[in-house]
Amino acid sequence: MNYLQQLEKVLDSRFKLVSIETYDTDRVSELFTQLSRFSNKAFYMHLPDEGMHRLGAAHITLPRTRTPLEVLEHIDNTPHFGIYILRDFNAALEDKKVVDKLKQIGAGEQRKVVILLSEYIELPKEIKPYTLRSKHQIKQAS
């Protein structure tokens, strides 16, 4: 099974929250971009202090998605299925309101997937039951 197939399997799991720890977040982000090109699913990327955009349309930042709480409110309030990749979200996980909102999304009825993507993720215990954890040791050949 190749890495793209593994990512698709993760997306098809029953979990709404996924943490992916990898040494190469740029490479995993690129793999999600590849997946989005051949998918009818909407993929979004959030970068700290930059807001969230749909993959393939980085020049269009969604309004009111700059802060971690704003982006989670947006995800929680949208009625549509989406795959939301939150890069380098670690600092935000220290905020109780952010953790509570993630837990609400993880326990909610609406089908959506929130992916925490970073080199290292310290998951708060409140969201661990709702989170599929994945670690990858992908390193680029030099």
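Described in the following lines is the structure provided in the data block. (Residues numbered from 1 in each chain as written. Predicted model: local features only at pLDDT ≥ 70, side-chain atom pairs only at ≥ 80, totals over all residues. Heavy atoms only, no water.)

As for the overall build of the chain
Here is the rule: Secondary structure counts use DSSP, requiring at least four H or I residues in a row for a helix and at least two E residues in a row for a strand, with both numbered from the N terminus. For the radius of gyration, the atoms used are the C-alpha atoms, and the globule rule reads 2.2 Å times the number of residues raised to 0.38. Any residue under 20% of the maximum accessible area for its type is buried, any over 50% is exposed, and the rest in between are partly exposed; the area is computed with a 1.4 Å probe on protein chains only. Throughout, a contact is declared for two residues whenever any of their heavy atoms are within 4.5 Å. Each accessible area is a Shrake-Rupley estimate made with a 1.4 Å probe; only the visible protein chains count as cover when residues are assessed.
A count of helical and extended segments in the chain gives four helices and six strands. Secondary structure elements of the chain occur, N-terminal to C-terminal, as α-β-α-β-β-α-β-α-β-β. Computed over C-alpha atoms, the radius of gyration of the chain comes to 14 Å, within 12% of the 14 Å expected from 2.2 N^0.38 for 142 residues, which places it in the range of a compact globule. In terms of overall dimensions, the chain has a C-alpha envelope of 40 × 35 × 30 Å along the principal axes. Buried positions account for 48% of the 142 residues belonging to the chain. Within the chain, counting contacts between residues at least 6 apart in sequence, those at least 24 apart form 70% of the total. Accessible surface for the chain amounts to roughly 8,000 Å². Of this, 49% is attributable to carbon and sulfur atoms.

A closer look at the packing of aromatic side chains
The criterion, for reference: Stacked, tilted and edge-to-face are the three classes assigned to paired rings of Phe, Tyr and Trp, where Trp is represented by its six-membered ring and a pair needs centres within 6.5 Å; plane angles under 30 degrees give stacked, over 60 edge-to-face, the rest tilted.
In this structure the tally under the stated criterion is two aromatic pairs. Ring plane angle 45 degrees and centroid distance 6.3 Å describe the contact between phenylalanine 32 and phenylalanine 43, whose orientation is recorded as tilted. Of the two residues, phenylalanine 32 is situated in helix α2 (residues 25-37) and phenylalanine 43 in strand β2 (residues 43-47); the sequence distance between them amounts to 11 residues. Of the residues examined, phenylalanine 32 reaches a relative accessible area of 1% and is grouped as buried.

So, the nonpolar core
Definition in use: For this analysis, a nonpolar core means a set of buried residues of the types Ala, Val, Leu, Ile, Met, Phe, Trp, Tyr and Cys, connected via side-chain atoms within 4.5 Å.
Counting 21 residues, the largest nonpolar core has Leu72, Ile75, Leu86, Phe89 and Leu102 as its most contacted members. Put simply, the parts of the chain that give this core at least two residues each are α3 (68-77), β4 (83-87), α4 (96-107) and β5 (113-118). In terms of residue count, α4 provides more of this core than any other element does, four residues in total. Leucine 86 has contacts with His46, Val71, Leu72, Ile75, Val114, Ile115, Leu116 and Leu117, leaving out every residue within four places of it along the chain. One finds Val18, Leu35, Phe43 and Met45 within the second-largest nonpolar core, a separate group that totals 18 residues.

Considering the pairing of β4
For clarity, the cut-off: Strands qualify as paired when DSSP identifies two bridges or more between them. By definition, the crossover connecting two strands over a helix is right-handed if that path, from the first strand to the second, turns clockwise as seen with the strands pointing away from the viewer.
Burial analysis of β4 places five of its five residues in the buried class, which makes it a mostly covered element. Residues Ile83, Ile85 and Arg87 line one face of β4 and the alternating positions Tyr84 and Leu86 line the opposite face, and both faces are buried. Relative to β4, β2 runs parallel, the two sharing four bridges. What sits directly across from histidine 46, in β4, is leucine 86. Here β4 runs beside β5; their pairing, made up of five bridges, is parallel. Across the sheet, residue tyrosine 84 finds its bridge partner in β5, namely valine 114. Handedness of the β4-α4-β5 crossover: right-handed.

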